[in-house]
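Working through the structure, step by step
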Amino acid sequence: MGAASMLTLMLTHPFEFRILVQYKLWHEPQRDITAASEHATSGWDRPAMRRCWEFLDLTSRSFSGVIKELEGDLARVVCLFYLVLRGLDTIEDDMTLPDERKQPVLRAFHKLAFQPGWTFTECGPNEKDRQLLVEWTVVSEELNLLDPRYRDIIIDITEKMATGMADYAHKAATTDELYVETIDEYNLYCHYVAGLVGEGLTGFWSASGKEAAWLGQQLELSNSMGTMLQKTNIIRDFREDAEERRFFWPREIWGREVYGKAAGGRPAITDLKELYAPGNEKQALWVQSGMVVDVLGHACDSLDYLRLLTKQSVFCFCAIPQTMAMATLTLCFMNYDMFQRHIKIRKAEAASLIMRSTNPRDVAYIFRSYARTIHARALPEDPNFIKLSVACGKIEQWCERYYPGFVQLDTVGGQPRYNPTDARTKVLEAAQVRDRALAREKRLQEIREK
């Protein structure tokens, strides 16, 4: 952000300007992968790995920062894992590649990626990450240096993901457009492209010894982590995907007649392009509400997953994308601009979330805050109003179960304080008095028996 942009922000959004200044001044990276002391785990001293880090910066600046802060060799492993999946996704997304060429490459990518000397130069010139595939030799060189426990996970996840991507790419090629019919099919697609990423990352946490070995078996929770992110992106990117004739919203949700009836007795939507046609604004928002309800169903699983993590760098890596997903979901909800153009959260809000997403309690309260905003914005005439209220209520319930609102922690020392105006404080104090009395009585009884 240039000086002129910062000056404009200071005058028009002074609170956001303060947050960005705080972020620049106080948020320091946890490690420097270029430092000589980090070369053993980051691989920065090897030209091939240094080029891989450069590709990571080019493909995703948002993920690059959090990946580099992971402990030990996890940063390098996740960097290479991300580049493998980015290369796979580039081939799958390239609409200039004929299906008969794309299919064999996708289905063999888990082997080709590790093959020394293999490159791919057939992607169209407009593909953002084409150069990554052109210089793939640097990636394969580093992949073959990985510990087998990491390499096996990458091969397994890449093979599963490539199979799913190839199936959907073939469907899109043979029908000239991609439609998802049922919620089950939608969930399967999200599992292939994002849930498997969560599964692979969880495998890394366990294989590295940074997290418990049993965490790698929590497949349902790890799938929900990735699926929640993917479904949020699918909602946000609706217009962009629609223009490319890629319709990921399931017909089982958007084709419901109840949305047309609630929008003034209109017929059900028969083509997703109708959602951004003039006059369909209310019906489009009801459909979007149904999509949001579906995403919120993964929120508590995500919070459960985050509570299991013990390493700070791993926690931040996992938590920051989830809180940003909740922020993005809130931005999109009941916002018709989403159907007209690409929208995203403001930089100050993203910076605030990065600084605050440091522990399970604060992340849970961030989820709860956004859930309350979504619920406050919901309309009673929305056919999904009750389902939406229940979904938001479950997040509230989760927070109260694990982090009761009447318990507050001191900023210094972390000692608990209890809200004197909350009835639960009186119940707790009465229980403490009873426990002390029982303990005293037990001690006296032990003295009498001596």
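Just above sits the structure.
Quick caveat: nothing in here was measured; it's all calculated off a predicted structure. (Residues numbered from 1 in each chain as written. Predicted model: local features only at pLDDT ≥ 70, side-chain atom pairs only at ≥ 80, totals over all residues. Heavy atoms only, no water.)

**Considerations on the overall build of the protein**
Scanning the protein from terminus to terminus reveals 23 helices and 4 strands. Expected size for 450 residues packed as a compact globule is a radius of gyration near 22 Å; at 25 Å, the protein falls within 12% of this value. Its C-alpha atoms put the protein at 85 × 65 × 55 Å along the principal axes. Taken across its 450 residues, the protein has 48% of its residues classed as buried. Taking the intrachain contacts of the protein between residues at least 6 apart in sequence as the baseline, contacts between residues at least 24 apart amount to 71%. Carbon and sulfur atoms make up 54% of the accessible area of the protein, which totals about 21,800 Å². Treating the 56 positive side-chain charges of the protein as one cloud and the 62 negative ones as another, the clouds have centres 6 Å apart. (Helix = DSSP H or I, 4+ residues; strand = E, 2+ residues; numbered from the N terminus. Rg over C-alpha atoms; globule rule 2.2 N^0.38 Å. Buried < 20%, exposed > 50% of the residue type's maximum accessible area, 1.4 Å probe, protein only. Contact = heavy atoms within 4.5 Å. Areas by Shrake-Rupley, 256 points an atom, 1.4 Å probe, with all protein chains shown as cover. Lys, Arg positive; Asp, Glu negative; His and termini not counted. Charge placed at Lys NZ, Arg CZ, Asp CG, Glu CD.)

**Some remarks on the environment of E400**
Looking at the element boundaries, E400 is found in helix α22 (residues 385-402). In this structure E400 comes out as partly exposed when scored by relative accessible area, which is 26%. Residues within four places of E400 in sequence aside, it is in contact with R368, G405 and R424. From its side chain, E400 meets the backbone nitrogen of G405 in a polar contact 3.1 Å long. (Polar contact = N/O pair within 3.5 Å; in protein donor to acceptor, adjacent residues only side chain to side chain.)

**Examining the pattern of salt bridges**
According to the stated counting rule, one finds 26 salt bridges in the structure shown. Across the pair K128 and D129 runs a salt bridge whose closest N-O atoms are separated by 3.5 Å. Using a relative accessible area of 59% as the deciding quantity, one classes K128 as exposed. Here the salt bridges share partners, and the residues they tie into one network are R86, D89, K128 and D129. (Salt bridge = Lys/Arg side-chain N within 4 Å of Asp/Glu carboxyl O.)

**Here we look at helix α10 (residues 136-143)**
With 6 of its 8 residues buried, α10 lies for the most part within the structure. Of all the residues in α10, the buried ones are W136, V138, V139, S140, E142 and L143. Among the structural elements, α4 (47-59), α6 (74-93), α8 (109-112), α9 (130-134) and α11 (148-175) are those in contact with the buried residues of α10.

**Topic: unusual backbone geometry**
For residues other than glycine, phi is negative in most cases, and the peptide bonds are mostly trans. The phi angle at R245 is positive, at roughly 60°, despite the residue not being glycine. At M334, a residue that is not glycine, the phi angle is positive and equals roughly 55°. Mapped onto the secondary structure, M334 falls in the loop between α19 (312-332) and α20 (347-356).

**Remarks on the nonpolar core**
Of all hydrophobic cores here, the largest spans 137 residues; its most connected members are F204, W205, W249, L296 and F339. With 13 residues, the top contributor of residues to this core is α6. Apart from the residues lying within four places of it in its own chain, the contact partners of F204 are L74, V77, V78, F81, Y150, I153 and I154. (Core = buried A, V, L, I, M, F, W, Y, C linked by side-chain atoms within 4.5 Å.)

**Points about α4**
The first and last C-alpha atoms of α4 sit 18 Å apart over 13 residues, in line with the 18 Å expected at 1.5 Å per residue. Three or more residues of α4 are buried, namely A48, M49, C52, W53, F55, L56 and T59. Mapping the buried residues of α4 onto a view down its axis gives an arc of 160°, with all of them on the same face. Structural note: α4 exposes P47 and L58 on the side pointing more than 90 degrees away from its buried face. Of the surrounding secondary structure, the elements contacted by the buried residues of α4 are α3 (39-42), α5 (61-68), α6, α9 and α10. (Expected span 1.5 Å × (residues − 1). Arc of directions from axis to C-beta.)

**Side note on the side chain of S222**
With respect to the secondary-structure elements, S222 resides in helix α13 (residues 219-236). Residue classification places S222 among the buried positions, given a relative accessible area of 1%. Setting aside chain neighbours within four positions, we find S222 in contact with G195, G198, E199, T202 and Y305.

**Observations regarding the packing of helix α12 (residues 183-208) against α13**
Viewed as axis vectors pointing N to C, α12 and α13 meet at an angle of 125°, and their least axial separation amounts to 7 Å. When the interaxial angle is binned, α12 and α13 end up oblique. Relative to α13, the crossing made by α12 is right-handed. Across the interface between the two elements, Y186, N187, Y189, C190, H191, V193, A194, G195, G198, E199 and T202 of α12 pack against L219, S222, N223, G226, T227, Q230, K231 and I234 of α13. Among the residues making up the contact of α12 with α13, the classes are represented as 7 nonpolar, 10 polar and 2 charged. (Axes fitted to C-alpha atoms, helices over the stretch in contact; angles between N-to-C directions. Parallel < 35°, antiparallel > 145°, perpendicular 65-115°, else oblique. Left-handed = near helix turned anticlockwise from the far one by under 90°. Nonpolar A, V, L, I, M, F, W, Y, C, P; charged D, E, K, R; others polar.)

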